[in-house]
Amino acid sequence: KHRPWWRAVRFGACAGMSTDCLAGSLKFDVSPRYVGVSIGSLLIWGTATLKAFPLDYRHTDYVSWRPYAYMGGGYIIMSSGYSGYGVGADVLVGKSKRLLLQPSAGFNRVSWSGPEGGEAIEPAGQLSVMLAF
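Remember, predicted model here, so these are calculated numbers, not experimental data.

What counts and what doesn't
- Residues numbered from 1 in each chain as written.
- Predicted model: local features only at pLDDT ≥ 70, side-chain atom pairs only at ≥ 80, totals over all residues.
- Heavy atoms only, no water.
- Pairing = 2+ DSSP bridges.
- Helix = DSSP H or I, 4+ residues; strand = E, 2+ residues; numbered from the N terminus.
- Patch = residues over 30% accessible without salt bridge, like charges linked within 9 Å, V, L, I, M, F, W, Y side chains within 5 Å.
- Areas by Shrake-Rupley, 256 points an atom, 1.4 Å probe, with all protein chains shown as cover.
- Salt bridge = Lys/Arg side-chain N within 4 Å of Asp/Glu carboxyl O.
- Buried < 20%, exposed > 50% of the residue type's maximum accessible area, 1.4 Å probe, protein only.
- Phe/Tyr/Trp six-rings, centres within 6.5 Å; stacked < 30°, edge-to-face > 60°.

Asks: Now, about the pairing of strand 7 (residues 80-93): what can you tell me, with residues and values included?
Replies: The pairing of strand 6 (residues 63-76) with strand 7 spans 14 bridges and is antiparallel. Along strand 7, the bridge assignment pairs R66 with D90. Between the antiparallel neighbours strand 6 and strand 7 lie three residues, among them M78 with a positive phi of about 60°. Relative to strand 8 (residues 99-112), strand 7 is paired through twelve bridges, and the arrangement is antiparallel. Its bridge partner lying in strand 8, S80 is registered against W112. Here strand 7 folds back onto strand 8, and the loop between the two strands holds five residues, one of which, G94, carries a positive phi near 95°.

Asks: Explain a nonpolar patch on the surface to me, using residue names and the numbers behind them.
Replies: There is a patch of nonpolar side chains on the surface, built from Y34, V35, V37, L50, M71, Y85, F107 and I121 and spanning about 850 Å² of accessible area. Along the chain, M71 falls in strand 6. Assessed through its relative accessible area of 53%, M71 is described here as exposed.

Asks: Explain the packing of aromatic side chains residue by residue, including any values.
Replies: Evaluation of the coordinates by the stated rule reveals five aromatic pairs. Ring geometry for F11 versus F133: centroids 5.8 Å apart, planes at 80°, classification edge-to-face. Taken as a pair, F11 in strand 1 (residues 9-18) and F133 in the segment after strand 9 (119-132) lie far apart in primary sequence, 122 residues in all. For F11, a relative accessible area of 41% gives the class partly exposed.

Asks: Got a sec to walk through the environment of L131? Specific residues and values, please.
Replies: For L131, the position within the fold is in strand 9. On the basis of relative accessibility, which here comes to 44%, the residue L131 falls in the partly exposed class. The sequence separation of L131 and S83 amounts to 48 residues, and the corresponding C-alpha distance is 26 Å.

Asks: Go over unusual backbone geometry with me, naming the residues and quoting the values.
Replies: Although it is not a glycine, A23 sits at a positive phi angle of roughly 60°. Tracing the sequence through the fold places A23 in strand 2 (residues 21-30). Overall, A23 belongs to the partly exposed group, its relative accessible area being 25%. Phi angles above zero are rare outside glycine, and K97 is one such case at about 55°. Note on placement: K97 falls in the loop between strand 7 and strand 8.

Asks: Can you tell me about the pattern of salt bridges, naming the residues and giving the values?
Replies: Scanning the model with the defined rule gives eight salt bridges in all. K51 serves as the salt-bridge partner of D29, at 2.8 Å between the closest nitrogen and oxygen. Here the residue D29 occupies a position in strand 2, and K51 occupies one in strand 4 (residues 45-52), the gap between them amounting to 22 residues. The two residues D29 and K51 agree in class, both being buried. Each of R10, D20, K27, D29, K51, R66 and D90 takes part in one network of salt bridges that share partners.

Now the structure itself:
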């Protein structure tokens, strides 16, 4: 069945420490069939993520879901840079399937700026709540 391209557009908010969502952010996501992108930001920090969807949605009457893998980068102004990867799921809930929950987990490589600098690998996770069109 053909779906208009705007059905892949989502807006919402997220919370977590991941390149899929950094701290608390507003989030914009475009995720058609196989490849998607998301951008999350709240002025002094932000993220950009590329997503791959290897499988189609699995459907029931009130839930549709599909897994994804992601990689991305993020920043906190004058503090640190993030790069990372992980896995997550698009979960559309409700009769209209317009409410999208998007949990993900993975790993971040964090690089601190400043005189002491440094890098670390940290676990990452986030949850997005968005409206799908």
